[in-house]
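So you can see what is in the structure, the chains are spelled out below.
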Amino acid sequence: MKDRLFDLLRRPVFGAPVRRDGGSLFCDGTAKRHCFDLARSGYVNLLPPGRAGNAKTGDDGEMIRARCAFLSLGLYDGISDGVAAAAAKYLPRRDELALIDAGSGEGYHTCRISSAVHRPTGAHIRTLGFDASTHDAEAGAKRARAAGLETDEVTVGFAAGNLFALPVQTGSADCVFSLFAPIAGEENARVLRDDGILVVAASGKRHLWELREVLYDEPRESGGEIRTPDGFLPVGDETVSYRVTVPDTAALENLYHMTPFAFRTPREGLERLRKTPSLDVTVEVLVRVFRREIKE
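Only a predicted model underlies this, so the values are computations on that prediction, with no experimental measurement involved. (Residues numbered from 1 in each chain as written. Predicted model: local features only at pLDDT ≥ 70, side-chain atom pairs only at ≥ 80, totals over all residues. Heavy atoms only, no water.)

Engineer: Quick question: what am I supposed to make of the confidence of the model for the chain here?
Structural biologist: The predicted coordinates ought not to be read in detail in places where the model reports low pLDDT. A residue-level look at the chain finds 91% of positions with pLDDT of 70 or above and a mean pLDDT of 90. Contacts from residues 52-56, a stretch scored under 50 in pLDDT, to residues over four places away or in other chains number 3 contacts. (pLDDT = per-residue confidence, 0-100. Contact = heavy atoms within 4.5 Å.)

Engineer: Just checking my understanding: could you explain helix H8 (residues 249-258) for this structure?
Structural biologist: Since there are 3.6 residues in each turn of an α-helix, residues three or four apart along the chain are aligned in direction. Regarding H8, the residues found buried are Ala-251, Leu-252, Leu-255 and Tyr-256. The buried residues of H8 occupy an angular sector of 140° when the element is viewed end-on, so they sit on one face. Packed against the buried residues of H8 are helix H2 (61-71), helix H7 (209-215), strand E10 (232-246), helix H9 (267-274) and strand E11 (279-292). The distance from a side-chain oxygen at the start of H8 to the backbone nitrogen of Ala-250 is 3.3 Å, and the residue carrying that oxygen is Asp-248. (Buried < 20%, exposed > 50% of the residue type's maximum accessible area, 1.4 Å probe, protein only. Helix = DSSP H or I, 4+ residues; strand = E, 2+ residues; numbered from the N terminus. Arc of directions from axis to C-beta. Polar contact = N/O pair within 3.5 Å; in protein donor to acceptor, adjacent residues only side chain to side chain.)

Engineer: Hey, could you run me through the side chain of Asp-101 in this one?
Structural biologist: As for its placement among the helices and strands, Asp-101 is situated in strand E5 (residues 96-102). Of the side chains with opposite charge, Arg-67 comes closest to the buried, unpaired Asp-101, at an N-O distance of 10 Å. Setting aside its immediate chain neighbours within four residues, Asp-101 contacts Thr-110, Leu-128, Gly-129, Phe-130 and Phe-177. (Lys, Arg positive; Asp, Glu negative; His and termini not counted. Salt bridge = Lys/Arg side-chain N within 4 Å of Asp/Glu carboxyl O.)

Engineer: Explain the pattern of salt bridges here, please?
Structural biologist: Close approach of charged atoms lets side chains of opposite charge pair. As enumerated under the stated definition, the model contains 19 salt bridges in all. In this structure, the salt-bridge partner of Glu-106 is Arg-67, at a minimum N-O distance of 2.5 Å. Note that Glu-106 is positioned in the loop between E5 and helix H4 (108-121) and Arg-67 in helix H2, a separation of 39 residues in sequence. With its nearest N and O atoms 3.3 Å apart, the salt bridge here joins Arg-288 to Asp-237.

Engineer: What is the right way to look at the packing of H2 against H8 in this model?
Structural biologist: Axis angle and axis distance: for two packed helices, these are the angle between their axes and the distance between the axes, and together they describe the pair. It is the contact of H2 with H8, at a shortest axis distance of 8 Å, that shows an interaxial angle of 125°. By the angle between their directions, the pair H2 and H8 is classed as oblique. H2 and H8 meet at a crossing whose hand is left-handed. Counted together, Met-63, Ala-66, Arg-67, Ala-69, Phe-70 and Leu-71 of H2 and Ala-251, Asn-254, Leu-255, His-257 and Met-258 of H8 form the full contact between these two elements. Across the contact of H2 with H8, the residue classes tally to 8 nonpolar, 2 polar and 1 charged. (Axes fitted to C-alpha atoms, helices over the stretch in contact; angles between N-to-C directions. Parallel < 35°, antiparallel > 145°, perpendicular 65-115°, else oblique. Left-handed = near helix turned anticlockwise from the far one by under 90°. Nonpolar A, V, L, I, M, F, W, Y, C, P; charged D, E, K, R; others polar.)

In structure tokens form, the structure reads like this:
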């Protein structure tokens, strides 16, 4: 099953298929045989070559550590549960399903969604998570391995890749899901089968409202909208909404570093946050499901 996971991949520049041989992926579709080595953790770097900034693309180690620490508390599990339920409701019925997480981060939600989709569908799940950060891809591979997600029932792998030029075979995926990440509508439509679905999760207007009240003198609503990408038709809408208690200052700071607030918070707001011992916050996330628009 693990080898078949990589059958979904293609070379990032020329689009030729790749195959696994030992600890590497090989492409024979061009005049020169090309090799992509699997890291010891299990991820593969499929970012386009020749870009000096690739090593610095995406999240850094500190941001990843903050996310891992916060997510381990389980306070955001309702989000991945909601995405998984929406996907399971609209996925085609097959014995085997191929899922793509476009913007997988450190892989926490990727792993949870994969397992949660398997349970109601009974299908064999193959999931590939892609992120622009090699640090995130490596963290995801380690998480999947630690969770034992290399079985015939659920297999999860990770790669560093460009979300707007996914190294995925055309028409090979049953579902693309995206949590709080940029949406590449045309590219998502390309990799999906005709009956495949796109599941998008984004912040609602009141998401983390109480945290905003701590950080800003005049907090404002934001988010609350998911636009229909070109090439898709909406088929389902859900709202995940609940309250959680962030238990201490360390957890609050980790949550803060996961959000766009970290890039635009005044010093006074950050000082207030560091004096806040715990906080009840609202989690509000919109989940929208789309199908490919098939034109005659």
